[in-house]
Structures are given as C-alpha cells and as structure tokens.
Amino acid sequence: MARPSSQPAHPLASTIGDAARAARTRLGLTQAEMAQRVGLAHAVYSRMERGRMLPRVSTLQRLCGALGVTPDELMGHTPVSNDLPARHQLLLRVRNLEEAQVRALLLLLPESR
C-alpha cells in the first residue's frame, strides 16, 4: 500500500528538512532563494525541506555549503567539537591551563603503573 503523502519519506528526510529549514531561516533566506543557490527547482527544495524526500549526496554537499553547516549537523548529529572522546576533551582543557595549575592537577592523579 502506498504511503500517504503527509508522511515523510524516511525519518532522516524529516531530520534533514528540519535542520535545513532552521539554518535557512537563520540566514534570512526564502525557500526560493535557497533552491536557486543549491541549483534545485523550488518545488523540489520545498519537498526536501518538508521531509518528503532525501537529497542526493551531491545535493547534500551543495546544501551544506549554501547553509554553512556540516552534513553531520543536517543529519541531526552533534557538531564534531562536542562529540570528542572524553580523553581528548580533557587534553584540550589541560592545554589551556597555566603551568602551576597543571602541576597541581598532576598531584591529584594516582601514579601510573
């Protein structure tokens, strides 16, 4: 049985569409303006933004460039900077400490075996 047109084509299509709409409105652009920037017909862009279709990879790349977002952001993943492993995040924070702070922190750590 055919899927009613009110339902999204795929859950990812809705996620991409919602993220694209949010990014487009932050930029103050209309759907027609974004469709032109991405090289799509307005009707096609509208269907994509409403979650009725998944964009091709090439379209996704152009869309990311036009919106200034990453593919991960459009697909609902957290930005890479917030998705670092805990150890890497800790190292980044330690690098921003002053030398005396690092020494004090090292005194709190158990000795390596």
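Relevant structure appears above.
Report on the accompanying structure. Computed from a predicted model, the values in this text were never measured in an experiment. (Residues numbered from 1 in each chain as written. Predicted model: local features only at pLDDT ≥ 70, side-chain atom pairs only at ≥ 80, totals over all residues. Heavy atoms only, no water.)

A few words on the pattern of salt bridges. A full pass over the atoms with the stated rule returns four salt bridges. With a closest N to O distance of 3.2 Å, Arg-21 and Asp-18 form a salt bridge. With Arg-21 and Asp-18 both in helix H1 (residues 11-27) and three residues apart, the pair spans about one turn of that helix. The class for Arg-21 is partly exposed, based on a relative accessible area of 31%. Put simply, Glu-49 and Arg-21 hold a salt bridge, and the shortest N to O gap is 3.7 Å. Taken as a pair, Glu-49 in helix H3 (residues 42-49) and Arg-21 in helix H1 lie far apart in primary sequence, 28 residues in all. One salt-bridge network, in which partners are shared between bridges, spans Asp-18, Arg-21, Arg-24 and Glu-49. (Salt bridge = Lys/Arg side-chain N within 4 Å of Asp/Glu carboxyl O. Helix = DSSP H or I, 4+ residues; strand = E, 2+ residues; numbered from the N terminus. Buried < 20%, exposed > 50% of the residue type's maximum accessible area, 1.4 Å probe, protein only.)

Looking now at helix H2 (residues 31-38). One full turn of an α-helix is made of 3.6 residues, so residues set three or four places apart face in the same direction. Among the residues of H2, those classed as buried are Gln-31, Met-34, Ala-35 and Val-38. Each buried residue of H2 lies within a common arc of 100° when the element is viewed along its axis, so the set occupies one face. Exposed residues lying more than 90 degrees from the buried face of H2 are Gln-36 and Arg-37. Against H1, H3 and helix H4 (57-67) lie the buried residues of H2. Among the residues trailing H2, Gly-39 stands out with phi positive, at a value near 85°. (Arc of directions from axis to C-beta. Contact = heavy atoms within 4.5 Å.)

Ala-20, Met-34, Tyr-45, Leu-63, Leu-67, Val-69 and Leu-74 are the most contacted members of the largest nonpolar core, which has 14 residues in total. Mapped onto this core, the elements with two or more residues apiece are H1, H2, H3 and H4. Per-element accounting of this core gives the leading share, four residues, to H4. Those residues in contact with Leu-74 that lie beyond four places of it in its chain are Thr-15, Ile-16, Ala-19, Ala-20, Leu-60, Leu-63, Cys-64, Leu-67 and Val-69. (Core = buried A, V, L, I, M, F, W, Y, C linked by side-chain atoms within 4.5 Å.)

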